[in-house]
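# Notes for the structure review
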Amino acid sequence: MTGEVLGAEELAGRVGWLTSLVEALCTEVTSAHWNRPDLAQLASGKDRSGARLPSNAWMAVRTLGWGSAVPEGLYVPDRVRRVAEEQAGRALRSAWWRSEITDAILATWPAGPDAEPMRRTEAEWAALRKACPDGQAVATSVLRTRTRQVAAFQASQGCVPVDVCALEGAPGGGRQVVLAAADKQLCTLTRCEDAPAHYGVLTVRLPGRPDPRTRADWHPTVIRFRLPPTVPLAAALHAPTLRLRGGRLRLDVAFTTAAPKTRRDGHVRAVAFDYGLNTLLTGGTVTLTGGSQPTVATDGRPVFFRPGGILAKADRLRILGEHLWTKAAHLQALVGGRTAAGHGPEPLTTAKLAVLQAEHAAVSRRRTKLNEQLAEAAARFMVDHARALNATVIYLEDLRDMEARGKGRTLNTRLSSSVRGQIVTRTRHQAAAYGIAVVIVPARGTSRYCPRCLSTFRHHAAPDNPKPGWKWATCPNTACGYSADRDVAAWQRIGARGLTHQHTTVLDRSSGTYVIRRTVQELDQPVRHTPHPGTVPSSGLPQPGAVGDRTKAGPTRNRPVPRQRRRVPAPPGSPAASTTATGSGGKRPAGRQPQSPRRHPQWRGRRQAPHTMSTPARHQPYGARLGAGFHLHTHVTPVTSRAGRPPGHPRSLSQDRNRAESPTPPRKA
C-alpha cells in the first residue's frame, strides 16, 4: 500500500486489468472441458475414484485436475486463480441442466422432412416432458425456446446438434470478478468506522499494470463505497462482485439478515393477486375457516395496482428504441456494403451510426430502470397488504407458460413487455424479511369458473354490453348470478386454490420458490362471501355501529345543482321575527358565502398538454396523498388495517415506512 489516491478512471482501469486476467483464466478452463463427459463428471458430484467432490466450485475443479495455468511471464496470485476457477466451475455446473433439456429434445425430435417440431401433438409434448428429468416442473416456454434453438441450428448447419456443447459455445467469465471464492489475503470487507450504517470499506489487491510480472505489481487498494439504504445496520456483509459498467466500477454486495422462516403449509389467511394489463395487479384477502369441513371465505373487497403512466412511458420508449435500431441497422448495412466493396466508410455515416447506437443504449437503460422501478413498487404493494392483513402467504398465478403469440399484434407486444418474473423475484425477497411465503399457483381455469358456484363464466365486454369480450364475467347460474370483473373473480379462485391445495406445495430447487404444480378438481371449493364489517345482516337486526343497506331502491332526491345556487346573501332577520315560524330573514343560499377567485381562472400553472405523461397539477393520486411513496403515476389502493390492529397502530404501513425512509414530504398537487 503506497498511500496514493486513485481517481475513478484509474481505479476502473486497474479493476479492468483484474477482470481481463480472470476472464482469460476462466475461459481457458471452460474451453478445455466444454464436452459432454466432463460436464457429466462435474455434475455427478464424484471424482474418478468415486470420492465426493467439494461443494465449492473451485475446489471441485482442482480436485478433478482442471486447474487454470498462468501464462508464462506473468505473476498471478493463487487467490486470483481461485476466483477464475470458481467462475468456471459455476458456469460448467449450470450448463448441465441445459444439457439434459437439450438431450431430451433431441431424443424426441420428430423424424421426417415434413415434421414440424414446434407443432407437436399433445402426446409428443408429453413424451418430451417424460424424457426430461423432473419434466413436469419445466416450463413450456423453456421447452419451446430450446426447440427453436435446435431448429435454427438445423436450418443453418443442415443437421441437428449432437449435444449442448455443439449447440452452444463455451461460456466465459461474464466480465466480472466474484470475490466470494477469495479469502482475507486477497480482499476484506468491513463497515466504515465513521459511518457504519452508510459506508463500507473494501480492501482488495489489484494489479498495478496490465501484465503483472512480480508480486510487487499487486498493490492493496482501499475502496470506500456507499451502502444502499436497504442494507440494515445489523446485516452481515459478504464479499462483493466487481464489474465495470459504462467505465465505472460497480460492486454487487450481498448481505444476510435474520428473518423468520417461511412455511409451505398451515396457512389460514392469505392474500392472492391476479395479473392484468392496464390494472397490473388485482387482489384481495381469503381466509380458511375452521371446522370439520373447512371453507374459504372472503370479504370481496379488492385492491388494485394501476401503473398506467409507467406502462405508457415504457411503450413509448419501446417504439423509440425500435426506430433507433432500424436506423442504426440501415446505416450499418451501408457501412458493411462499402467495406465489402473495398471502400472505406464515410466519416459522416460513421458519426451518425455512433450517435444512433449511443441513443439506443440510453433508451435501453431507461427501459430497464423503469421496469425495475415497476417491479419494486408492485412487490412492495403486495407485501404491505399482506402485513396489514396479518396474512402469512401471498398466492400468485403461474404464467411462465404464457407466450405472446396468436393474440394480436397489440396484445402480443404488451404481454411480451411485462415484468412478471421480476415481480415474483422481488416479492420473494421483500416477503422473506417478514416470514411471508410466496407460492405460485396454476393459473388454468382461474378466470373461467365462477368463484361462488364454480359454474362456467360468460365473458363479455362490459356489464351493460352483452357483446362477447374478455373484460367482464357473468355467472349463468340463476341461483348465483355473480357478476364482476374477470380479474376480481380470478384472484378469489387463485386464493381458494392455494389454501385448499397448500398440502401439495413443493419447493422448486432451481428458483427457491414454493410451487403448487398440480391441482385436484375435488379440492376446488367455492368461495363464501362474508358481509362487509358494519353492514346489516340478512336478519334485519342492525348491529352496533352498523349502517343501513345503501342499495339504490328509488329515485334520487333533488339536491342543489352546483353553479345554480343563489349568488346573493340572505336578508338579515329581525330579533322579533326569530321567535315566530314566519317572518324570518329568508333562506340562506346553499353552500358557503361566494368568494372571488384568488387568481385568474385561465392561469394553468404547471398544467401540461394532454399527450404528455406528467399528471396535471390539479390531480393528486390517492396513494401519494397517504404517503405511499410509489411512482407519481402509479395509482394503488391504500394499505389499511382490516385485521383488528391494536390501538395506535398506523393506518398505513406504506405511510409509516415512507416517513421513516424519506424525510422529504410527498409532492404537492
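The following paragraphs examine the structure supplied in this document. Values in this document were obtained by computation on a predicted structure and should not be read as measured data.

## Section: the overall build of the chain
- Per the secondary structure count, the chain includes 14 helices and 22 strands.
- Sequence separation of 24 or more characterises 64% of the internal contacts of the chain that already satisfy a separation of 6 or more.
- When the accessible surface of the chain is summed, it comes to about 38800 Å², and 53% of that surface belongs to carbon and sulfur atoms.

## Examining helix α6 (residues 140-157)
- Across its 18 residues, α6 extends 26 Å between first and last C-alpha, which sits within 8% of the 26 Å expected from 1.5 Å per residue.
- For α6, every residue scored as buried is listed here: Thr140, Ser141, Leu143, Arg144, Arg146, Thr147, Val150 and Phe153.
- Packed against the buried residues of α6 are α4 (78-107), α5 (122-131) and α7 (164-167).
- Positive phi appears at Gly158, one or two residues downstream of α6, with a value of about 85°.

## A few points about unusual backbone geometry
- Even without being glycine, Asn390 reaches a positive phi, approximately 60°.
- Even without being a glycine, Leu454 presents a positive backbone phi close to 65°.
- Looking at where Leu454 falls in the secondary structure, it is placed in the loop between β14 (437-442) and β15 (458-462).
- According to the relative accessible area criterion, Leu454 is partly exposed, its value standing at 28%.

## Some points on the sheet that holds strand β17 (residues 472-474)
- Reading across from one edge, β16-β15-β17-β18 is the order of the four strands in this open sheet, with antiparallel pairing throughout. The open sheet has two free edges, formed respectively by β16 (465-468) and β18 (483-485), since each of these has just one partner strand. Each neighbouring strand pair of the sheet contributes to a mean axis angle of 45°, computed without reference to strand direction.
- Relative to β16, β15 runs antiparallel, the two being bridged by two bridges. When the sheet's bridge partners are listed, His460 is paired in β16 with Pro468.
- In this fold helix α12 (residues 486-500) packs onto β15, β17 and β18, with an angle of close to 95° to the strand it touches most, β18.

## Notes on the nonpolar core
- Ranked by size, the top nonpolar core spans 44 residues in total, and within it Leu39, Leu179 and Leu202 carry the most contacts.
- Where this core is concerned, the elements lending two or more residues are α1 (8-32), α2 (36-44), α3 (57-63), α4, α7, β2 (187-191), β3 (199-207) and β4 (218-226).
- Once you skip the residues sitting within four places of it in the chain, Leu39 turns out to touch His33, Trp34, Leu92, Ala95, Trp96, Val164 and Cys165.
- Counting residues in hydrophobic clusters, the runner-up holds 39 residues, among them Val303, Leu356, Val363 and Val636.

## Looking at the packing of α4 against α6
- Packing of α4 against α6 leaves a shortest axis separation of 10 Å and a crossing angle of 70°. In terms of axis orientation, α4 runs roughly perpendicular to α6. Within the contact between the two elements, α4 uses Trp97, Arg98, Ile101, Thr102, Ile105 and Leu106 and α6 uses Val142, Leu143, Arg146, Thr147 and Val150.
- Taken together, the residues of the contact of α4 with α6 break down into seven nonpolar, two polar and two charged.

## Some remarks on the sheet that holds strand β1 (residues 176-178)
- Taken together, three strands build an open sheet; the order of strands is β1-β6-β7 and the sheet is antiparallel. A single partner strand is all that each edge strand has here, and the edge strands are β1 and β7 (248-252). Strand-to-strand, the axes of this sheet are offset by a mean angle of 20°, without reference to chain direction.
- Judged from the five bridges that link them, strand β6 (residues 241-245) and β7 form a sheet pairing that is antiparallel. Bridge pairing links Leu244 to Leu249 in β7.

## Looking at α5
- Among the residues making up α5, those that are buried are Trp125, Leu128 and Arg129. Burial along α5 is one-sided: seen end-on, the buried residues are contained in an arc of 100°. Seen from the open side of α5, the exposed residues pointing more than 90 degrees away from its buried face are Ala123 and Lys130.
- Tucked inside the fold, the buried residues of α5 contact α4 and α6.

## Digging into the pairing of β3
- When you tally the buried positions in β3, you get seven out of nine residues, the bulk of the element.
- Sheet topology places β2 next to β3; five bridges connect them, and they run antiparallel. Bridged to Leu189 within β3 is Leu202.
- Taken together, the nine bridges between β3 and β4 define a ladder with antiparallel strand orientation.

## Description of the packing of α5 against α6
- Taken N-terminus to C-terminus, the directions of α5 and α6 make an angle of 95°; their axes are 12 Å apart at the nearest point. Between α5 and α6, the crossing angle belongs to the class labelled roughly perpendicular. Every residue of α6 that contacts α5 at Trp125, Leu128 and Arg129 is listed here: Thr140, Leu143 and Arg144.
- Along the lines of polarity and charge, the residues of the contact of α5 with α6 split into three nonpolar, one polar and two charged.

## Overview of the pairing of strand β13 (residues 393-398)
- Burial runs high along β13: five of the six residues are buried.
- When strand β9 (residues 269-275) meets β13, the two strands line up parallel, connected through four bridges. Within β13, the residue paired with Ala270 across the bridge is Val393.
- By the bridge criterion, six bridges tie β13 to β14 in an arrangement that is parallel. By the bridge assignment, Val393 is partnered in β14 with Ala437.

## Quick word on the packing of aromatic side chains
- The tally for this structure, following the rule as stated, stands at two aromatic pairs.
- Note on Phe273 and Phe381: the rings are 6.0 Å apart at their centroids and 65° apart in plane angle, and the pair reads as edge-to-face. With Phe273 in strand β9 and Phe381 in helix α9 (residues 347-388), this pair connects stretches of sequence that are 108 residues apart.
- The exposure class assigned to Phe381 is buried, which follows from its relative accessible area of 1%.
- Where Phe305 meets Phe381, the ring centres are 5.4 Å apart and the plane angle is 40°; that geometry is what we call tilted. Linking Phe305 in strand β12 (residues 303-306) with Phe381 in helix α9, this pair joins segments that are 76 residues apart in sequence. We note that Phe305, like Phe381, is buried.
- In textbook terms, an aromatic cluster arises when at least three aromatic residues are bridged by ring pairs, as seen for Phe273, Phe305 and Phe381.

## Some remarks on the pattern of salt bridges
- Across all of its chains, the model carries 24 salt bridges by this definition.
- We note a salt bridge from Arg318 to Asp315, for which the minimum N-O separation is 2.8 Å. One end of the pair is Arg318 and the other is Asp315, both in helix α8 (residues 308-340) and three residues apart, which spans about a single turn.
- Assessed through its relative accessible area of 32%, Asp315 is described here as partly exposed.
- Of the charged contacts, one joins Lys471 and Asp485 as a salt bridge, the two residues approaching to 3.1 Å between their closest N and O atoms. One end of the pair, Lys471, is in the loop between β16 and β17; the other, Asp485, is in strand β18, and 14 residues separate them in sequence.
- Take Lys471: its relative accessible area is 30%, and that puts it in the partly exposed class.
- The class for Asp485 is buried, based on a relative accessible area of 16%.
- Several salt bridges converge on common partners, so that one network encompasses Arg62, Asp78, Arg79, Arg81, Arg82, Glu85 and Asp183.

Analysis parameters
Residues numbered from 1 in each chain as written. Predicted model: local features only at pLDDT ≥ 70, side-chain atom pairs only at ≥ 80, totals over all residues. Heavy atoms only, no water. Helix = DSSP H or I, 4+ residues; strand = E, 2+ residues; numbered from the N terminus. Contact = heavy atoms within 4.5 Å. Areas by Shrake-Rupley, 256 points an atom, 1.4 Å probe, with all protein chains shown as cover. Expected span 1.5 Å × (residues − 1). Buried < 20%, exposed > 50% of the residue type's maximum accessible area, 1.4 Å probe, protein only. Pairing = 2+ DSSP bridges. Axes fitted to C-alpha atoms, helices over the stretch in contact; angles between N-to-C directions. Core = buried A, V, L, I, M, F, W, Y, C linked by side-chain atoms within 4.5 Å. Parallel < 35°, antiparallel > 145°, perpendicular 65-115°, else oblique. Nonpolar A, V, L, I, M, F, W, Y, C, P; charged D, E, K, R; others polar. Arc of directions from axis to C-beta. Phe/Tyr/Trp six-rings, centres within 6.5 Å; stacked < 30°, edge-to-face > 60°. Salt bridge = Lys/Arg side-chain N within 4 Å of Asp/Glu carboxyl O.

None of the figures reported here should be taken as evidence of function without further support.
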